[in-house]
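Secondary and tertiary structure notes
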Amino acid sequence: MNALVEVSELNKTFKQGGFGLKNVSFTIKPGSIVGFIGENGAGKSTTIGSIIGSIRKDQGTVRVFGQEMQDGKDFVKEEIGVVFDTVQLPEELTIVKLERVFNGIYRNWDKEMFYSYVEQFSLPRKKKIGSFSRGMSMKVSVAVALSHDAKLLLLDEATAGLDPSGRDDLLSVLRTFVSDGKRSILLSSHITSDIEKIADSLIFIKDGRILFD
């Protein structure tokens, strides 16, 4: 397989506001960490949403693991780990209860791996997630994304809310994730120092267009 992700001529227009993606094309090869950069509102989250199908594209094709992603279908969800900048975890659950939930969702869920990340990220197991800081919540989301044998991580501002030490810990985990040469990461971040430390290549988007790749 030459690429884990192939995005070709992706277009999306929102009726309200007039913003859209304009002929967005790029590929992500196995073993790579791709930094996805651009101003707020440039189209990073819309592109990621279009890849996983949470946003319906107008035109273009998206292939993941060689298969075309169709709107509304989640046949590769087991192999994609996603972390959005707006954390969407049930606030009333503890990490212990959350683990049980995901154990029932993912076929390849790895309980031991999940708890190893919980320990590495120094997360309390029995406090409700609603009491967590933004940074702690992001760490939980990353731990979930890493614990079901995903081959591709799509991380939208995953380092947001973390202190410098926490960001370094996370970047180290991400390097390990791709070290086998078979997995890849698309990392969207406005923290350019994080991108500089970890990315193999860059995609720069502005006003819905890719300016350079």
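Bear in mind that the values here come from a model prediction, so they are computed numbers and not experimental data.

Definitions and limits used
Residues numbered from 1 in each chain as written. Predicted model: local features only at pLDDT ≥ 70, side-chain atom pairs only at ≥ 80, totals over all residues. Heavy atoms only, no water. Core = buried A, V, L, I, M, F, W, Y, C linked by side-chain atoms within 4.5 Å. Buried < 20%, exposed > 50% of the residue type's maximum accessible area, 1.4 Å probe, protein only. Helix = DSSP H or I, 4+ residues; strand = E, 2+ residues; numbered from the N terminus. Contact = heavy atoms within 4.5 Å. Pairing = 2+ DSSP bridges. Axes fitted to C-alpha atoms, helices over the stretch in contact; angles between N-to-C directions. Patch = residues over 30% accessible without salt bridge, like charges linked within 9 Å, V, L, I, M, F, W, Y side chains within 5 Å. Areas by Shrake-Rupley, 256 points an atom, 1.4 Å probe, with all protein chains shown as cover. Salt bridge = Lys/Arg side-chain N within 4 Å of Asp/Glu carboxyl O.

So, the nonpolar core
When a protein is soluble and globular, its nonpolar side chains tend to lie buried together. In terms of nonpolar packing, the biggest core is built from 41 residues, with L153 and I185 touching the most fellow members. Elements supplying a minimum of two residues to this core: β3 (33–37), α2 (95–105), α3 (111–120), α4 (134–145), β7 (152–156), α5 (164–177), β8 (184–188) and α6 (192–198). By residue number, the principal contributor to this core is α4, which donates six residues. With sequence-adjacent residues up to four places away left out, I185 is seen in contact with S32, I33, V34, L153, L155, L174, F177 and V178. Core analysis: the second largest hydrophobic core is formed by 23 residues, L4, L10, M69 and L152 among them.

Quick notes on the sheet that holds strand β9 (residues 201–206)
One open sheet holds the six strands; their spatial order is β6-β7-β8-β3-β9-β10, and the pairing between them is mixed. Whereas interior strands pair on both sides, the edge strands pair on one side only; in this sheet they are β6 (80–83) and β10 (209–212). Each neighbouring strand pair of the sheet contributes to a mean axis angle of 20°, computed without reference to strand direction. The strands touched by α4 within the sheet are β6 and β7, with β6 carrying the most contacts at an inclination of about 175°. Seen against the sheet, α5 touches β3, β7 and β8 and runs at an angle of roughly 155° to β7.

Observations regarding the sheet that holds strand β1 (residues 5–13)
In space, the four strands of this open sheet follow the order β2-β1-β4-β5, with antiparallel pairing throughout. Edge positions in the sheet fall to β2 (20–28) and β5 (67–68), since each of these pairs with one other strand and no more. One ladder, built from two bridges, connects strand β4 (residues 59–64) with β5; its direction is antiparallel. Paired with R63 across the bridge in β5 is E68. The sheet contacts of helix α1 (residues 44–52) involve β1, β2 and β4, and relative to β2 the element is tilted by about 65°.

Considerations on a nonpolar patch on the surface
Residues L202, L211 and F212 make up a contiguous nonpolar surface patch of roughly 260 Å² in combined accessible area. Within the element layout of this structure, L211 appears in strand β10.

Examining unusual backbone geometry
Although it is not a glycine, S122 adopts a positive phi angle of roughly 55°. When you line up the elements, S122 lands in the loop between α3 and α4.

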